[in-house]
Amino acid sequence: GGGGGGAGSGGGRGPAKRMVIKPFKKKPELPADFEDATWAKMRDAVHAVFAATPTAYSREELYRAVEDLCMHKMAARLFERLHAECEANVASLVDSLAGRTPEVIAFLNLANEAWERHCSQMVTIRSIFLHLDRTFVVNNPAVRSLWEMGLQLFRRHLDRQEPLKRKMVTGLLDLVERERRGESINRSLMRSLLRMFVSLRIYAETFEGEFLLATGGFYREEAARYMADTAVAKYLLHVEARLAEEQDRAVAYLDDATARPLVACLERELLVSHTEGILDKGLGELLAGVRLDDLKRMYRLLGRADGLELLCARFAEYAKTRGLEIVQDTDKEKEKEMVSSLLALKAVLDKILGEAFAGDDSFSQALKHAFEVIVNARQERPAQLIAKFVDGQLRSGNRGRSEAEVEELLDRVMVLFRAINGKDTFAEFYRAHLAKRLLLNRSASFELEKHMISRLKTECGAAFTKKMEGMFADVDVSKSLMATWRTTDGCKGCLPTEVHVLTTTYWPSNPTAELKLPSVLLKAQEAFSSFYLDKFTGRRLTWQHTQAHCVLKAAFPSGSKELQLSLFQAMCLLLFNARDKLSFLDVQAATGLDDKTLKPTLLSLSMAKGAHVLMKDPKTKDCKPTDVFSVNEGFKHKLRRIKINSIQIKETAEEAEQAYEHIFRDRQHAVDAAIVRTMKARKTLTHQLLVAELLGQLKFPVKPADIKKRIASLIDREYLERSEEDASVYNYMA
């Protein structure tokens, strides 16, 4: 049976026993040969790695062995022993290269194999001795990591074999030169060996310096050869290709740090050293041919070589040379084309500036200055011809261009106008042409006229265009005045007449002469004078006939014609209503015209091609007092209305001088102000120094003799005085 357990019952278990762990009575000790035995095992493994043979121990077993040695504070000795083994192996590896094949590529392949074997061995060694690397090496800053130790050993023994290293560098440079000459090389071999130099930290001192030196020599010789034998455009293409090749080479196998000095070396040898030669030999040809792609390449490449300042100067020099050839050509026919030629030159240079030189501001300023020199090279003449060119565009006879095209052309002309120093000369001649366009109804468009004046006003201010605007106002007032006169009794019975009443100060002055007007014209003139002076008391009319024109009806045997003539031509022809023949002196006595006016007038009527309404005896091209004129009874013309142009009187030297004097009168205030301003600042100056100062300050051409006159005037007005000691010295009078 069973019995129940109770509190006092017998036969139960006793209390549980506690486990107690006691230390060894005797401390365990490592075997006496533990370190040597373990190292022997490790050494066998290291030798197996170096010999590329299998090892008797697993990688894990070897790792634990290293761990044990480190744990028992045997790491320092282990590191020393490993260092010795590695050094012996590296020495053997490097020495094995000495005396091998002299063939460059074969030798470099052997060197590369040795390096790759070393790297592979050190990777394996480090994986086995990883615990040593992570504990002992990390805690001892003076000790290098295993990988660094391997590199240091390889570098040391390579340095010891200087001829070997020299042979390696020479071989690498040889391969680079072969590639530059067009051969194909093993780029991966190059990359591997140069990475070795970088890893060993001998790239800069051993290879890079010599590489850049060899590069400089190679391209120096090549540049000299190409510059001598090749056109500049081809040379620049070659430079561009070489730069691309070297940049590709730098990426392919050179160290990143070499790229910048390599490109700098190329720029120095191919561009900087030959900048002047490139510009001397090829810039003019490229500019003349407007070879935009080549010029763009030149701008881009010289920009890399700090050559843009010189390129800019040569560009401006070319512009000046071409422009001065145009402006200084005094041939009359060439002068007619001066402005057109300058505009064409400016358009071409602007195109080059915008497309080839990237609109560079310094080039733009240089071109602007060049045109200032060009346009002012002949003092007043270009200003006069620019005014005449504008007149040609605004006259009604100008065909072949739309208003928009004329506007665009006038905008381009304004560029030349801005460059003119003597803008008052332009204004004087422009007003003379404008007067003819307005008075002879030759203006193509009043809109174009007003737009041109608006341009001039924007450029030079309201004072510059005040007279021109006054001329337009006079034309408008005259139209209103004529409309009123035609409603008066005085107009009835007179020849249909159009009169322009002009304000003297606005219009160019013309010489007045006492003419013997035909009675029909005199009656109309007197009738209008009476009407005008009655309407505006206190005013005075002076009749100017030089711009007058009229239509004359003529009955020839071949039929009636209408002749468009100047007033002087009409006065001469009307005399032949009374007489069949008249001598030169007869015509002069009847008209009151002087020789200078009458001669070209009669020649235009008797010698004009296809429109000689008079016969001249003798038939010579000049006009003498004894010449006799008669009506050409056989006159024929296919048109009913015929315009007979007047022969333009050539401007004499005296008239040109008179025009200059008139312009200078307007400049006197500017000259006076400049003299006073200079003397106020300097107090005392010699005549020579004062004249030199003024010639530098004044923006328009002025003669020293004219400056002397203005100085005398200021002395009279007590702004200046002559020095008592020296008459050539002036003092400022406050």
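Residues numbered from 1 in each chain as written. Predicted model: local features only at pLDDT ≥ 70, side-chain atom pairs only at ≥ 80, totals over all residues. Heavy atoms only, no water.

Participant: I would appreciate a short explanation of the sheet that holds strand 9 (residues 729-732) in the present structure.
Facilitator: Whether parallel or antiparallel, the strands of a sheet pair through hydrogen bonds between backbone atoms. An order of 7-9-8 is seen for the three strands of this open sheet, with the pairing classed as antiparallel. Single-partner strands in this sheet number two, and they are strand 7 (684-686) and strand 8 (720-722). Put simply, the sheet's adjacent strands are angled 30° from each other on average, direction ignored. Pairing analysis gives three bridges linking strand 7 to strand 9, with the strands arranged antiparallel. When the bridges of strand 9 are listed, threonine 686 appears paired with valine 729. Across the face of the sheet, helix 28 (residues 687-697) comes into contact with strand 7 and strand 9 while running at roughly 95° to strand 7. Packed onto the sheet, helix 29 (residues 704-716) meets strand 8 and strand 9 and runs at close to 100° relative to strand 8. (Pairing = 2+ DSSP bridges. Helix = DSSP H or I, 4+ residues; strand = E, 2+ residues; numbered from the N terminus. Axes fitted to C-alpha atoms, helices over the stretch in contact; angles between N-to-C directions. Contact = heavy atoms within 4.5 Å.)

Participant: I'm lost on the pairing of strand 1 (residues 549-556) in this one. Help?
Facilitator: In regular strands, side chains alternate between the two faces of the sheet. Bridge count for strand 1 against strand 2 (residues 559-566) is eight bridges, and the pairing is antiparallel. Considered in strand 2, the bridge of alanine 555 is made with serine 560. Once strand 1 ends, the chain turns through two residues before running back antiparallel as strand 2.

Participant: Teacher, can you tell me more about the packing of aromatic side chains here?
Facilitator: Two measures describe an aromatic ring pair: the distance that separates the ring centres and the angle between the ring planes. If you walk through the whole model with that rule in mind, you get 21 aromatic pairs. Residues phenylalanine 218 and tyrosine 219 carry aromatic rings whose centres are separated by 5.0 Å and whose planes lie at 90° to one another, so their mutual orientation is edge-to-face. Take phenylalanine 218: its relative accessible area is 9%, and that puts it in the buried class. By relative accessible area, tyrosine 219 is classed as buried at 0%. Measuring from ring centre to ring centre gives 5.5 Å for phenylalanine 426 and tyrosine 430, while their planes differ by 20°; the resulting arrangement is stacked. Taken together, the residues span about one helical turn, with phenylalanine 426 and tyrosine 430 both in helix 20 (residues 423-439) at a distance of four residues. Residues phenylalanine 426 and tyrosine 430 agree in their burial class; the two are buried. Three or more aromatic residues joined by ring pairs form one cluster here, namely Trp485, Phe528, Phe531, Tyr532, Phe536 and Trp543. One Lys or Arg, lysine 41, reaches over the ring of tyrosine 57 and ends 5.5 Å from the middle of that ring. The side chain of lysine 346 reaches across the aromatic face of phenylalanine 371, ending 5.7 Å from its centre. (Phe/Tyr/Trp six-rings, centres within 6.5 Å; stacked < 30°, edge-to-face > 60°. Buried < 20%, exposed > 50% of the residue type's maximum accessible area, 1.4 Å probe, protein only. Lys NZ or Arg CZ within 6 Å of the ring centre and 35° of its normal.)

Participant: Would you take a moment to explain helix 8 (residues 187-199) for this structure?
Facilitator: The end-to-end C-alpha distance of helix 8 is 18 Å, a good match for the 18 Å that 13 residues give at a rise of 1.5 Å each. Considered for burial, the residues of helix 8 that qualify are Leu189, Met190, Ser192, Leu193, Leu194, Met196 and Phe197. Taken together, the buried residues of helix 8 touch helix 4 (104-128), helix 6 (146-160), helix 7 (162-180) and helix 9 (203-229). Just downstream of helix 8 lies arginine 201, where phi reads positive at about 60°. (Expected span 1.5 Å × (residues − 1).)

Participant: Sorry if this is basic, but what is going on with the confidence of the model for the protein here?
Facilitator: Low-pLDDT stretches of the model should not have their predicted coordinates read in fine detail. Per-residue pLDDT for the protein has a mean of 87; in total, 95% of the residues score no lower than 70. Per-element confidence in the protein is highest for helix 8, whose mean pLDDT is 96, and lowest for helix 27 (residues 653-682), whose mean pLDDT is 74. (pLDDT = per-residue confidence, 0-100.)

Participant: How should the packing of helix 7 against helix 8 be read in this particular structure?
Facilitator: In contact at an axis separation of 11 Å, helix 7 and helix 8 are set at 140° when each is read in the N-to-C sense. What the angle tells us is that helix 7 and helix 8 run oblique. Crossing handedness for the pair helix 7 and helix 8: left-handed. Contact residues: helix 7 offers Met168, Val169, Leu172, Leu175, Val176 and Glu179, while helix 8 offers Arg187, Met190, Leu193, Leu194, Met196 and Phe197. Residues belonging to the contact of helix 7 with helix 8 are distributed by class as follows: 10 nonpolar, no polar and two charged. (Parallel < 35°, antiparallel > 145°, perpendicular 65-115°, else oblique. Left-handed = near helix turned anticlockwise from the far one by under 90°. Nonpolar A, V, L, I, M, F, W, Y, C, P; charged D, E, K, R; others polar.)

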